[in-house]
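Structural characterization, general
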Amino acid sequence: MDKILVKGGNSLSGSVSISSAKNAYLPILAGAVLCSGEVVLHKFPKYDDVINMIEILENLGGKSAIEDGSLILNMKSLSSYEIPRELASLTRSSIFSLGSILGRFRFARVAYPGGCEIGARPIDLHIKGLEALNVKVVDRRGYLTCDGRNMHAGNVHLDFPSVGATENVMMAAVLTKGRTKIFNAAKEPEIVDLQNFLNKAGAKIRGAGTTTITIDGVEKLGSVEYTPVPDRIIAGTYLIATIMCGGDVLLENARPEHLQALISKFDNNSCKIVTKSDRIRVISNGRPKSINKIETMPYPGFPTDLQPQIMALQTISNGTSVIIENLFETRFKHVTELVKMGAQILTEGRSAVIKGVEKLYGAEVTATDLRGGAGLVLAGLVADGYTTISNIGQIKRGYESIESDLKCLGADIKKVEFL
């Protein structure tokens, strides 16, 4: 079993290039199902979730190859509209394929998805969105079976701005005649990226990034070459790491405009953040001040995917902080692990109160989910002594090599194999 071993105490310096966004690449891979020509995606990231998604596409009959850091997909000869349980269980993102498979075949049979156990994450919004397009959905024995033979354009009103539901409806509507509108759509940058990818392939979509998205159906999508956006969560993770450890780090291939909810939290803190086009420079010296209140919200609010990392920061900040998790009801599993390291955290329901301590201590901890695991790595960077993080397969789902990136910045960190 691989683990990550961290010795805390080093400051960070240098530069690191941010890889492509997992949450952009995955729906774009699903969108490739709609394309009748060759799909070339540059800056291929080797996240486990992305690799699992490619396996799903190959199971549908697609072909893939990697050349010079780019992923080449050929989806001309797809022969299946089913994602079996053994593949769907590998990644939550398998549910993104529901809309694109429907758009391509007018049928879809997809097993319930896997992914991090951070809450219920119901898929009723996906189902309601597709039913608004006259798709018949049967939910039985762990499978969603969808009949879209009579699918037509329509107006979809989402009760909550769900990212996955927004993307599924977008992809289902692309090859459906007529005009479809999604109201109360999610506004994440990755949805804008999906729109841009599909439009480059021949779709007619507008409004992504706002609350209303309009899709005018087209007959087919062709070939496309595209570079997905960089990962704002990885950039945010390394930004927080620098503030915790102190130092001077340049994040290259980043999008500062996607991280304003995080960057704005440090306006009056003991660090300096300078942004310019695709770069973020973080300069930190001294113990940071606690942030009074952090509340996760849909984009452009504070991202839930950075909540564990910023909690790790609050554990060693000067003062007391309150974090309210509005999106996932069980996304505090990392709290128990942080407490093992000396953190002072009290939780009640969706709220956590963190009283900063001067020092954390190395311990053996477990990554219970992707982002919680990243938070534990950050805690290890500042802890006294050695921290061992197990179950790092969770982290690898969304960080290609967090240990290599941080080591290049000066951290004493490595991946080790334990029997």
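Residues numbered from 1 in each chain as written. Predicted model: local features only at pLDDT ≥ 70, side-chain atom pairs only at ≥ 80, totals over all residues. Heavy atoms only, no water.

Some points on the overall build of the chain
Cut-off, in case you're wondering: Helical segments are the DSSP runs of H or I of at least four residues, strand segments are the runs of E of at least two, and each set is numbered from the N terminus. The globule rule used for comparison is 2.2 Å times the number of residues to the exponent 0.38, while the radius of gyration itself is calculated over C-alpha atoms. Burial classification: accessible surface area is computed with a 1.4 Å probe over protein chains only, and a residue below 20% of its type maximum counts as buried, one above 50% as exposed, and the rest as partly exposed.
Scanning the chain from N- to C-terminus turns up 14 helices and 24 strands. Its C-alpha radius of gyration of 21 Å places the chain within 12% of the 22 Å reference for a compact globule of 419 residues. In terms of its C-alpha atoms, the chain occupies a principal-axis envelope of roughly 65 × 45 × 45 Å. For the chain, the residues scored as buried account for 58% of the 419 residues in total.

Quick word on a negative patch on the surface
Definition in use: Each patch is assembled from residues with relative accessible area greater than 30% and no salt bridge, linking like charges that lie within 9 Å and nonpolar side chains (Val, Leu, Ile, Met, Phe, Trp, Tyr) that lie within 5 Å. For accessible areas, the Shrake-Rupley method is used with a probe of radius 1.4 Å. Any residue's cover is judged against the shown protein chains and nothing else. Whenever Lys or Arg places a side-chain nitrogen within 4 Å of a carboxyl oxygen from Asp or Glu, that contact is recorded as a salt bridge. Only four residue types enter the charge count: Lys and Arg as positive, Asp and Glu as negative, with His and the chain ends excluded. For this purpose, a charge sits on NZ of Lys, CZ of Arg, CG of Asp or CD of Glu.
A grouping of Glu38, Glu67, Asp68 and Glu225 is seen on the molecular surface, where their side chains present a negatively charged patch. With respect to the secondary-structure elements, Glu38 resides in strand β3 (residues 38–41). Given the relative accessible area of 42%, Glu38 is considered partly exposed.

Side note on the sheet that holds strand β21 (residues 351–355)
The test is simple: At least two DSSP bridges between two strands are required for those strands to pair. What counts as an axis is a line fitted to C-alpha atoms, over the stretch in contact for a helix, and the angles between N-to-C directions run from 0 to 180 degrees. The criterion used for residue contact is that any of the two residues' heavy atoms lie within 4.5 Å.
Read across the open sheet, the 4 strands follow the order β18-β19-β21-β20; overall the sheet is mixed. In the strand order of this sheet, the two ends are held by β18 (293–295) and β20 (344–348), each with one partner. Looking at each pair of strands side by side, their axes are set apart by 15° on average, direction ignored. In this fold helix α10 (residues 307–315) packs onto β18, β19 (320–324), β20 and β21, with an angle of close to 30° to the strand it touches most, β21.

A closer look at unusual backbone geometry
Looking along the chain, the bond that leaves Tyr299 and enters Pro300 is cis, with omega of 15°. Within the fold, Pro300 resides in the loop between β18 and α10. The backbone of Arg106 sits at a positive phi, close to 70°, despite the residue not being glycine. Among the secondary structure elements, Arg106 is positioned in the loop between α4 (97–105) and β7 (107–111). Non-glycine residue Asn134 carries a positive phi angle of around 70°. Looking at where Asn134 falls in the secondary structure, it is placed in the loop between α5 (124–131) and β8 (136–140).

Examining the packing of aromatic side chains
Put simply, the rule reads: Here a Phe, Tyr or Trp ring, Trp counted by its six-membered ring, pairs with any other such ring whose centre lies within 6.5 Å, and the pair is stacked when the planes are under 30 degrees apart, edge-to-face when over 60, and tilted otherwise. Lysine NZ or arginine CZ positioned within 6 Å of the ring centre and within 35 degrees of the ring normal marks a charge as sitting over the ring.
Tallying each qualifying case throughout the model produces 4 aromatic pairs. Ring centres 5.9 Å apart and planes at 70° place the aromatic pair Phe197 and Tyr226 in the edge-to-face group. Of this pair, Phe197 sits in helix α7 (residues 189–200) while Tyr226 sits in strand β14 (residues 224–226), and the two are 29 residues apart along the sequence. By the burial criterion, Phe197 is buried, and Tyr226 matches it. The ring of Tyr143 is capped by Arg109, whose NZ or CZ atom sits 3.9 Å from the centre of that ring.

Considering the side chain of Thr214
Within the secondary structure layout, Thr214 lies in strand β13 (residues 212–216). Judged by its relative accessible area of 6%, Thr214 falls in the buried class. For Thr214, the contacting residues outside a window of four places in its chain are Arg179, Thr180, Lys181, Lys204, Ile205 and Arg206.

Here's the deal with the confidence of the model for the chain
What counts, and what does not: Within a predicted model, pLDDT stands for the predictor's per-residue confidence, ranging from 0 to 100.
Here the chain shows a mean pLDDT of 94. Residues at 70 or above account for 97%. Contacts for the low-pLDDT stretch residues 115–121, under 50 throughout, to residues beyond four places or in other chains number 23 contacts.

Here we look at the side chain of Ser100
As a reminder of what qualifies: Polar contacts here mean pairs of N or O atoms no more than 3.5 Å apart (in protein, one a potential hydrogen donor and the other a potential acceptor; neighbouring residues in sequence count only if both atoms are side-chain atoms).
Here Ser100 lies in helix α4. A relative accessible area of 0% places Ser100 in the buried class. At a separation of 2.9 Å, a polar atom in the side chain of Ser100 contacts the main-chain carbonyl oxygen of Ala30. In contact with Ser100, other than residues within four places in its own chain, are Ala30, Val33, Leu34 and Met171.

Side note on the pattern of salt bridges
Scanning all chains against the criterion turns up 15 salt bridges. A salt bridge links Asp49 to Arg397, with the shortest nitrogen-to-oxygen separation between them at 2.9 Å. On the criterion of sequence distance, the pair formed by Asp49 in helix α2 (residues 48–59) and Arg397 in the loop between α13 (393–396) and α14 (402–408) is long-range, its members being 348 residues apart. Judged by relative accessible area, which is 1%, Asp49 ranks as buried. Of the residues examined, Arg397 reaches a relative accessible area of 11% and is grouped as buried. Here Lys340 makes a salt bridge to Glu337, at a shortest N to O gap of 3.2 Å.

Digging into the sheet that holds β8
Within the open sheet, the 4 strands sit side by side as β6-β7-β9-β8. Their pairing is mixed. In this open sheet, the two edge strands, each paired with only one partner strand, are β6 (82–83) and β8. Summarising the sheet, β8 and strand β9 (residues 143–147) pair through 5 bridges and their orientation is antiparallel. Looking at the pairing, Val138 lines up with Thr145 of β9. In the packing of α4 onto the sheet, the strands contacted are β6, β7 and β9, and the crossing angle to β7 comes to about 155°.

Here we look at helix α1 (residues 22–31)
Most of α1 sits inside the fold, with 9 of its 10 residues counted as buried. Restricting attention to buried positions, one finds in α1 the residues Lys22, Ala24, Tyr25, Leu26, Pro27, Ile28, Leu29, Ala30 and Gly31.

Description of α4
Residue pairs spaced three or four apart in an α-helix point in one direction, given the helix's 3.6 residues per turn. The element α4 is largely enclosed, with a buried count of 7 among its 9 residues. Taken residue by residue, α4 has Ser97, Leu98, Gly99, Ser100, Ile101, Leu102 and Gly103 as its buried positions. Phi turns positive, to about 70°, at Arg106, one or two residues after α4.

Looking at the packing of α5 against helix α6 (residues 163–174)
Applied cut-off: In this scheme, roughly parallel covers angles under 35 degrees and roughly antiparallel covers those over 145, while 65 to 115 is roughly perpendicular and the rest are oblique. It is the rotation of the near helix from the far one that decides the hand of a crossing: anticlockwise by less than a right angle makes it left-handed, clockwise makes it right-handed. When residues are sorted by character, Ala, Val, Leu, Ile, Met, Phe, Trp, Tyr, Cys and Pro go into the nonpolar class, Asp, Glu, Lys and Arg into the charged class, and all the rest, Gly among them, into the polar class.
As a packed pair, α5 and α6 sit with axes 8 Å apart at the nearest point and diverge in direction by 25°. For the element pair α5 / α6, the angle class is roughly parallel. Of the two possible hands of crossing, α5 and α6 adopt the one that is right-handed. Contacts from Leu125, His126, Gly129 and Leu130 of α5 reach α6 at Gly164, Ala165, Asn168, Val169 and Ala172. Residue composition of the contact of α5 with α6, by class: 5 nonpolar, 4 polar and no charged.

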